[in-house]
Amino acid sequence: MVGLKEELLKSIWHAFTALDLDRSGKVSKSQLKASGGQRVLSHNLCTVLNVPHDPVALEEHFRDDDEGPVSNQGYMPYLNKFILEKVQGNFDKVEFNRMCWTLCAKKNLSKSPLLISDEDAFKVWVIFNFLSEDKYPLIIVPEEIEYLLKKITEAMGAGWQQEQFDHYKIALNTSREGLSAWELIDLIGSGQFSRGMDRQTVSMAINEVFNELILDVLKQGYMLKKGHKRKNWMERWFVLKPNIISYYVSEDLKDKKGDIILDGNCCVEALPDKDGKKCLFLIKCLDKTFEISASDKKKKQEWIQAIQSTVNLLRAGSPPPHKEARQKRKELRQKLLAEQEELERQMKELQAANENKQKELETVRKQLEAAAARAAEEEKKRLQTQVELQDRFSLELEREKMVRQKMEEQVAQKSSELEQYLQRVRELEEMYKQLQEALEDEKQARQDEETVRKLQARLLEEESAKRAELEKWHLQQQQTIQMTEAEKQELENQRMMKEQALQVAMQQLKQLELERKEALEQYEEVKKKLETAANNTKSWKDKVAHHEGLIRLIEPGSKNPHLITNWGPAAFTEAELEERQRSWKGKKATSE
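Quick notes on the rules
Residues numbered from 1 in each chain as written. Predicted model: local features only at pLDDT ≥ 70, side-chain atom pairs only at ≥ 80, totals over all residues. Heavy atoms only, no water. UniProt positions renumbered as here; feature names shortened; annotations may be inferred. Helix = DSSP H or I, 4+ residues; strand = E, 2+ residues; numbered from the N terminus. Buried < 20%, exposed > 50% of the residue type's maximum accessible area, 1.4 Å probe, protein only. Contact = heavy atoms within 4.5 Å. Areas by Shrake-Rupley, 256 points an atom, 1.4 Å probe, with all protein chains shown as cover. Phe/Tyr/Trp six-rings, centres within 6.5 Å; stacked < 30°, edge-to-face > 60°. Lys NZ or Arg CZ within 6 Å of the ring centre and 35° of its normal. Disulfide = S-S within 2.5 Å. Pairing = 2+ DSSP bridges. Axes fitted to C-alpha atoms, helices over the stretch in contact; angles between N-to-C directions.

Taking an unreviewed UniProt entry as the reference, the protein chain is identified by name as Switch-associated protein 70 belonging to Ptilorrhoa leucosticta. Turning to the protein chain, the UniProt record has this under Subunit (unreviewed entry): "The SWAP complex consists of NPM1, NCL, PARP1 and SWAP70."

Shown next as structure tokens:
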């Protein structure tokens, strides 16, 4: 629908520009409010385009603040909204173009006599709208003019005069980009490119080009067609279009007899001669088959190729050849224009760059001249100051040597001090490692002492338990002596048994005594180790204090004085001993 809208706009543009406009390009208020040209144009457009006409919409669309035909309240927005958007394509294009031609031809058509009729001028005008560029005001470029003139010349059967057109093209390019529709009509009507041809030949050529480009007639001519009911052969005028073949009684196209609808499923086949008919071919469609006879073999082959090409285009979904060719020519022109603009841009850039380079070279030349003058002056100054600089450099060199010698002495001294400092650090690190080892030994000795102390405490508890048991047995012996004589013997036996048990207990007590002595010996040994570790720690403490007191030793805290038993230092305190004495006295009182 976008392509159809563009085609319609070109014809409407001619009709619209034929209306009376004021100097500012606005349509006069009288035409907007009264029955002016726009009302007539709108009504005619709705009629030929089969669009419902709303006469009130035009009056409501325009207001007193209108600013021209392309403003928000202008005619073109109204045209797009109320007419073109409602077009469905079910209208007669020739009648539409003729209506627009009627509105604009009288005002714009040249008054000078032409070699073509008004009907031919109308067809040229429609062809112009088809071939013109998609920009306004509409013009046709020289390439499309050449294409149209070639088509007309070929249709007339004459030879194309390329040299003549080249001269015309050069003259045209020097003054403008292309021709308007009316200038194109004047060019063709002047007979400049159709000399020697009569009016009828030119008219037939224009009509043939019009049928091909505008009516999409790909081929036409008389052929015989076999009827489907009577099976008789009748001569018909066939017209091939992109999707249909129509056949008429004659070439005036007034009495249409039928259509052959073409699609991608159709095919065309050549048939052998039969029933006295020659040059036969067959068109197969989905619902019907048509037998046709051409006038000769050449016509038969041309029709078969044309129909087959049309079917192939339908299968591929491609536009008609002349429309596709027009699109390709436009794309080629756009490409060439873009390349030309790019080339012009590059040329301008190169020219600007060249000018900049010339300016830079001139600037550099002046700078070189100035630099040469400065260099000569500097050379004189350099020669004058060279001797002074040599003397100054000699003094600076001597001074540098003295400074360097002093620096070397200072570096040697600093190196010696650094070596002494590193040696001291290494000694301190070694002392720190030995001190760590001494602390580990002291820690191990304390752990051994704690183990021995726990062992002594366990032995004393066992000794206390044995003594309590012996005292209990002693009390029991005293009680048994006071018993009766009858029980004395029995008590004596029990006493013997208890004495044996007492002897066993005494042996166990001796064994415990031996174990306690061994534990005491171990304690003494651990104590000696602890004293040795303490001495070592004290020795390292003195060394560390001698080396500026870097480390503070961790010393064991003070201890309470130990109790001394018959077997040596006790493993319990005086308070613990008093607690145990009270416990023994309580048990003794209970047994008595």
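**Student:** I'd like a rundown of the overall build of the protein chain, residues and numbers included.
**Tutor:** Along the backbone of the protein chain there are 15 helices and nine strands. With 592 residues in all, the protein chain has 32% of them scored as buried. Put simply, of all contacts in the protein chain between residues at least 6 apart along the chain, 62% involve residues at least 24 apart. With the model as given, the accessible surface of the protein chain reaches about 39,100 Å², and the carbon-plus-sulfur share is 52%.

**Student:** Tell me about the packing of aromatic side chains, residues and numbers included.
**Tutor:** For the coordinates displayed, the defined rule picks out 15 aromatic pairs. Cluster of aromatic residues (ring-pair linked, three or more members): Trp101, Phe122, Trp125, Trp182 and Phe210. Looking at Arg98, its charged tip hangs above the ring of Phe122, at a distance of 4.3 Å from the centre. Lying across the ring of Tyr147, Arg329 places its NZ or CZ 3.7 Å from the centre.

**Student:** Pulling in residues and values, what's your account of the state of the cysteines?
**Tutor:** Throughout the structure, instances matching the rule amount to zero disulfides. Here Cys100 stays free of any disulfide, with the sulfur of Cys104 as its closest cysteine sulfur at 7.2 Å. Between Cys285, a free cysteine, and Cys266, which holds the nearest cysteine sulfur, the sulfur-to-sulfur gap is 3.4 Å. Taking relative accessible area as the criterion, Cys285 reaches 13% and is therefore assigned buried.

**Student:** Please give an account of the side chain of Glu291 that cites residues and values.
**Tutor:** Locating Glu291 in the fold gives a position in strand S7 (residues 289-293). The residues contacting Glu291, other than those within four sequence positions of it, are Leu224, Lys225, Lys226, Trp233, Leu271, Lys274, Phe281 and Leu282.

**Student:** Go over the pairing of S7, please, and point to the residues and values.
**Tutor:** Looking down a regular strand, the side chains alternate between one sheet face and the other. Counting buried positions over the five residues of S7 gives four, a clear majority of the element. Both strand S1 (residues 219-226) and S7 contribute to a ladder of two bridges, which runs antiparallel. Among the inter-strand pairings, Lys225 is bridged to a residue of S7, identified as Ile292. Of the pairings in the sheet, the one linking strand S6 (residues 280-284) to S7 comprises five bridges and is antiparallel in character. Bridging from a neighbouring strand, Leu280 pairs with Ser293 of S7. Here S6 folds back onto S7 in antiparallel fashion, the turn holding four residues.

**Student:** Hey, could you go over the sheet that holds S1 for me, with residue numbers and the actual values?
**Tutor:** With respect to topology, seven strands assemble into an open sheet ordered S4-S3-S2-S1-S7-S6-S5, the strand pairing being antiparallel. Taken across any chain shown, the strands that pair with only one partner, and hence form the sheet edges, are strand S4 (256-261) and strand S5 (267-271). Between one strand axis and the next, the sheet turns through 35° on average, direction left out of account. Pairing of S1 with strand S2 (residues 233-241), which is carried by eight bridges, proceeds in the antiparallel orientation. Counted as the bridge partner of Lys226 is Trp233 from S2.

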